[in-house]
Amino acid sequence: MGVSAGAHDLKHRRHQEARVPDADGASLTAMYLYGDVLESVVERVPAADLAAAARVSREWLRAVRAALRRRPRRLPCLVVHLQGPRGVGGGGGLRCAAAYDPCSGAWLAVPAAPRHATPSHVRLLRGARGDRVCALSLSGLAVAAGPLGTTAGCVAPLDAPTVWRVDPVFAAVGDRVVALGGACRLALADGGDAAAVEVHEAGGGWTACDPMPDALRDSAAATWLSAAATDQRVYLVERTTGWASWFDPANRRWGPTRRLGPDATVTTWGVAPGRVVGAEERLVLFGAKRADKEAECTVVVQAWEVDGDTLEQTPSASSDAMPPELSERLFPRDDIDDDDDDEEELDDRSLSIGVCGNAAGGYVYNAAEPANGAVLYELWEEGKAKGSTTAVARWDWVPCAPADAAVLAQPLGRAILACSPVGLDELALAVGARGTR
């Protein structure tokens, strides 16, 4: 946006211009934005520039807040946390974050707090109010206070889970933190379970709960599970088989275990929170499969709406396919067409999708090649969903940020993709740290 005038400078300029003859009053009035006009302009400002606009003056700050109350930015941001190899950027490696604003289609790049620079233990904590990065060590679990990972410090540090875990699923459900699976088998005591589940109560400690259901035991790690967290539960789906279940940390119980089967030809699954209809939670289930040779794209990606209680497809819902031109960009053909025999021998296990989102929408990406970009999906709002047969209202392309591609091009480059609303405070820190791309 390029705003460079401070509140003091604007006030000083107004005092000077007040002494100009009235003949020029109309032209001077046109120089300023105020009232409803200012709010209308602010509504169209990219999220990355909102923090700068709010610092112009108190009047502009009020206008920004009023505009956000009147027209809240419904869709969450895609937040990419990048970790480069050791020796790049010094210390433990380059560590930065980038956030994509779906309203403006712009990327914001910021450095992350150095305390989360340990590459081997940085994990993702899923949450209904936004995903966070966390650092797990023998001494405790430190969860970033903000969605961009830029806020100095963290929320109140937690003790480490009683079971040492190397690849767990972490989720925040209300004021509870849940650790599921991912236990280090070499460190397990006699009778220990790699699928162990623990719940951390606010102000308390970790409590052991029933382990994962038998259908998920062989895949009890974040690498093999797609997870979604809501205000009441954690949902788990095995990425390759489609077996699914949910865990209620308040009541410490597991729900039904079911193999999701909308399409038997799907080879990789992903799950994200869906719409909340009345008091019912719903999920959005994504599946990907190799397309026929005659198809417009290499991979077909479909979405289904699933009932949160029964894990069955909602009665009135049908599958909603991602447009072929978008799935082709996520999973490009490369040189597959050069040899039909190679295409027949492709291993479907190499196909993997990733999903992150909330009740408004989210993002689908190629988990094996996140540098390809992502696809934004928006869900129908509750008031507009009555009578609709699909959950997804629209799809849109999200290009990979240039700096992200540079880090991921490194042999040990690593990306953690998350999804979260980003507020003015977080934007102010990001803009102050580096600025927009």
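Residues numbered from 1 in each chain as written. Predicted model: local features only at pLDDT ≥ 70, side-chain atom pairs only at ≥ 80, totals over all residues. Heavy atoms only, no water.

1. Brief notes about the confidence of the model for the chain
Alright, step 1. Averaged over all residues, the pLDDT of the chain is 78; the fraction at 70 or higher stands at 72%.
Alright, step 2. Residue range residues 87-93 is modelled with pLDDT below 50. Its contacts to residues more than four positions away, or to other chains, number 14 contacts. (pLDDT = per-residue confidence, 0-100. Contact = heavy atoms within 4.5 Å.)

2. A word on the sheet that holds strand β6 (residues 141-143)
Alright, step 1. Read across the open sheet, the seven strands follow the order β6-β5-β4-β7-β8-β9-β10; overall the sheet is mixed. What marks the edges here is a single partner per strand, and that holds for β6 and β10 (206-209). If you compare each strand with its neighbour and ignore which way they point, the axes differ by 30 degrees on average.
Alright, step 2. Sheet topology places strand β4 (residues 122-127) next to strand β7 (residues 169-173); three bridges connect them, and they run parallel. Of the residues in β7, the one forming a bridge with Gly127 is Ala172. (Pairing = 2+ DSSP bridges. Helix = DSSP H or I, 4+ residues; strand = E, 2+ residues; numbered from the N terminus. Axes fitted to C-alpha atoms, helices over the stretch in contact; angles between N-to-C directions.)

3. Let's talk about the sheet that holds strand β20 (residues 353-357)
Alright, step 1. If you trace the four strands from one edge of the open sheet to the other, you get β20-β21-β22-β23, paired in antiparallel fashion. This sheet does not close on itself; its edge strands, each paired only once, are β20 and β23 (392-398). Within this sheet the neighbouring strands show an average axis-to-axis angle of 20 degrees, counted without direction.

4. Description of unusual backbone geometry
Alright, step 1. Its identity is not glycine, yet Arg252 carries a phi of approximately 55 degrees, on the positive side.
Alright, step 2. By the secondary structure assignment, Arg252 is in the loop between β13 (243-248) and β14 (253-254).
Alright, step 3. Residue Arg252 is classed as partly exposed on the basis of its relative accessible area of 35%.
Alright, step 4. The phi dihedral of Leu311 is positive, around 60 degrees, even though this residue is not glycine.
Alright, step 5. Mapped onto the elements of the fold, Leu311 is located in the loop between β18 (299-307) and β19 (320-321). (Buried < 20%, exposed > 50% of the residue type's maximum accessible area, 1.4 Å probe, protein only.)

5. Examining the pairing of strand β22 (residues 374-379)
Alright, step 1. For β22, a buried count of six out of six residues is recorded, marking the element as mostly surrounded by other parts of the structure.
Alright, step 2. Where strand β21 (residues 361-366) lies against β22, five bridges are found, and the strand directions are antiparallel. Bridged to Tyr365 within β22 is Ala374.

6. Observations concerning the pattern of salt bridges
Alright, step 1. According to the stated counting rule, one finds 16 salt bridges in the structure shown.
Alright, step 2. Where Glu312 meets Arg258, a salt bridge forms, and the shortest distance between an N and an O atom there is 3.9 Å. Separated by 54 residues along the polypeptide, Glu312 in the loop between β18 and β19 and Arg258 in strand β15 (residues 258-259) bring together distant segments of the chain.
Alright, step 3. Between Glu378 and Arg394 there is a salt bridge, with the nearest N and O atoms lying 2.6 Å from each other. One end of the pair, Glu378, is in strand β22; the other, Arg394, is in strand β23, with 16 residues separating them in the sequence. (Salt bridge = Lys/Arg side-chain N within 4 Å of Asp/Glu carboxyl O.)

7. Things to note about the environment of Val80
Alright, step 1. For Val80, the position within the fold is in strand β1 (residues 77-83).
Alright, step 2. Considered as a pair, Val80 and Ala401 are 321 residues apart in the sequence and their alpha carbons are 9.4 Å apart.

8. Considering the pairing of strand β9 (residues 197-200)
Alright, step 1. Side-chain alternation along β9 places Val197 and Val199 on one buried face and Glu198 and His200 on a second face that is also buried.
Alright, step 2. Both strand β8 (residues 176-180) and β9 contribute to a ladder of four bridges, which runs antiparallel. Within β9, the position partnered with Val178 by the bridge is Val199.
Alright, step 3. One ladder, built from four bridges, connects β9 with β10; its direction is antiparallel.

9. Structural notes on the nonpolar core
Alright, step 1. Judged by nonpolar contacts, the single largest core of 22 residues is most densely connected at Phe286, Met322, Leu330, Phe331, Val375, Tyr377 and Trp395.
Alright, step 2. At the level of elements, β17 (280-290), β18, α7 (324-330), β20, β22 and β23 are the ones that each hand at least two residues to this core.
Alright, step 3. Core analysis: the next-biggest nonpolar cluster, separate from the first, contains 19 residues, Val169, Ala171, Leu180 and Leu225 among them. (Core = buried A, V, L, I, M, F, W, Y, C linked by side-chain atoms within 4.5 Å.)

10. Some points on the side chain of Asp248
Alright, step 1. With respect to the helices and strands, Asp248 occurs in strand β13.
Alright, step 2. This buried residue, Asp248, is left without a salt bridge; Arg253 holds the nearest opposite charge, at 4.4 Å.
Alright, step 3. Polar contacts involving the side chain of Asp248 include one to the side chain of Asn251, which spans 2.7 Å.
Alright, step 4. Beyond its immediate sequence surroundings of up to four residues, Asp248 is in contact with Gln232, Arg233 and Arg253. (Lys, Arg positive; Asp, Glu negative; His and termini not counted. Polar contact = N/O pair within 3.5 Å; in protein donor to acceptor, adjacent residues only side chain to side chain.)

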